Structures are given as C-alpha cells and as structure tokens.
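The lines below spell out each chain.
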Amino acid sequence: MEKISTFLWFDGRAEEAAEFYTGLFPDSRIIERTPSPLDYPGGATGGVITVAFTLGGRSFIAMNGGPGHPFTDAVSLSIDCEDQAEVDRYWDALSEGGAPIQCGWIRDRFGLHWQVTPRLLPRLLADPDPAKARRVMEAMIRMVRLDVAALEAAARGDGQ
C-alpha cells in the first residue's frame, strides 16, 4: 500500500464495491479483507470492516462504516480515457444501477461520483485560442456522456 490511500465509507457494501471496481479497471486487485473483532454500526463481529485494494495501481480502502455518511459530488474520481470506446466502456459499467449527471459525471450504484473524461478534453479546454476553448466548453456543458467527435467538431468550429 502507498503512504496515502483514498478511504471510502460505504453503508454495508464495501466488499461488493471493491470487487466491482477491481474487476472494471486494469492493474487493480483486492489486497486484504479485514474482519471486525466486534459489532459496529456497519456490521457484526467477523464481518468485513475494511477492504484494501488498488485501482490502476493506486491505493484505496473501502470501509463498511454504516449509514449516515453518503458520498457527494464534492469528491469524485476522474478516469482519463484514451478514446470514445474507453469513455463508453466505463460509462456503461458505472451507469448500471447508477445515475448519469452531466458533463461526463456519473454517480455509480454505490453512490460514488466519477468523471469519465476523454484525454483530449483538458487539452482542448486549455487551447491558447480562447474562442476554440469556449466552443468546446459550451459543447461539453450540454452533454451528459462526453462525445469525443462532438468535442472535436466544436474545437474546429463545425456547425457555427
């Protein structure tokens, strides 16, 4: 494990979430499941209280912490996607049982928020041509799932 790990509080579904995420992302695995030595708000003695795992080589710990602490969009995980096929793959998997939001954001079935972002988007938004960057931003804010071809068309000024 890394010196700093992202710690995620789940209401009884930590192990299920860790298994789902590690099955979705390459270079990911469950490292350790820790049973609880006593009853706690999120479970009973002997039940899994934490699951240490990696996603894309980064360390996470999921805890069955119990109710009362849902995820919000104030913290999200961003996925750097190579192309539209990768955007679609992650979007489809994370949206199953979840809820699309806007601008490439999605809340998965466990309540965790994700940004499914094509790699070219930050480059287009940082373009030195402010008109180009503005067209891309205007296109992006109208989207739910991000569309690489539409972002590229906006950058070119197609349809203006």
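As the structure is a computational prediction, the values presented were derived from the model and not from experiment.

**Student:** Would you mind going over the sheet that holds strand S8 (residues 113-118) with me for this structure?
**Tutor:** Strand pairs in the sheet, formed through backbone hydrogen bonds, run parallel or antiparallel to each other. The strand order across the open sheet built from 4 strands is S5-S8-S7-S6, with neighbouring strands paired in mixed fashion. Because the sheet does not close on itself, it has two edges, and the strands there are strand S5 (76-81) and strand S6 (99-100). Pairing between strand S7 (residues 105-107) and S8: 3 bridges, direction antiparallel. Each bridged residue has a counterpart across the sheet, and for Ile106 the counterpart in S8 is Trp114.

**Student:** Explain helix H4 (residues 130-141) to me, please; I cannot follow it from the model alone.
**Tutor:** Along an α-helix, residues three or four positions apart point the same way, because every turn accommodates 3.6 residues. Across its 12 residues, H4 extends 16 Å between first and last C-alpha, which sits within 8% of the 16 Å expected from 1.5 Å per residue. Looking at the buried positions of H4, the neighbouring elements they touch are helix H3 (120-125) and helix H5 (148-156). Where H4 begins, one side-chain oxygen reaches toward the backbone nitrogen of Ala131, 3.0 Å away; that side chain belongs to Asp129.

**Student:** In this structure, what is going on with the pattern of salt bridges? I would like to understand it.
**Tutor:** Pairing between side chains becomes possible if they bear opposite charge and their charged atoms approach one another. With the rule as written, the count across this model stands at 10 salt bridges. Between Asp88 and Arg145 there is a salt bridge whose closest N-O contact spans 3.1 Å. One end of the pair, Asp88, is in helix H2 (residues 84-95); the other, Arg145, is in the loop between H4 and H5, with 57 residues separating them in the sequence. Classification of Asp88 by relative accessible area gives partly exposed; the value is 24%. When salt bridges that share partners are traced, they join Glu15, Glu19 and Arg33 into one network.

Criteria and cut-off values
Residues numbered from 1 in each chain as written. Predicted model: local features only at pLDDT ≥ 70, side-chain atom pairs only at ≥ 80, totals over all residues. Heavy atoms only, no water. Pairing = 2+ DSSP bridges. Helix = DSSP H or I, 4+ residues; strand = E, 2+ residues; numbered from the N terminus. Expected span 1.5 Å × (residues − 1). Contact = heavy atoms within 4.5 Å. Polar contact = N/O pair within 3.5 Å; in protein donor to acceptor, adjacent residues only side chain to side chain. Salt bridge = Lys/Arg side-chain N within 4 Å of Asp/Glu carboxyl O. Buried < 20%, exposed > 50% of the residue type's maximum accessible area, 1.4 Å probe, protein only.

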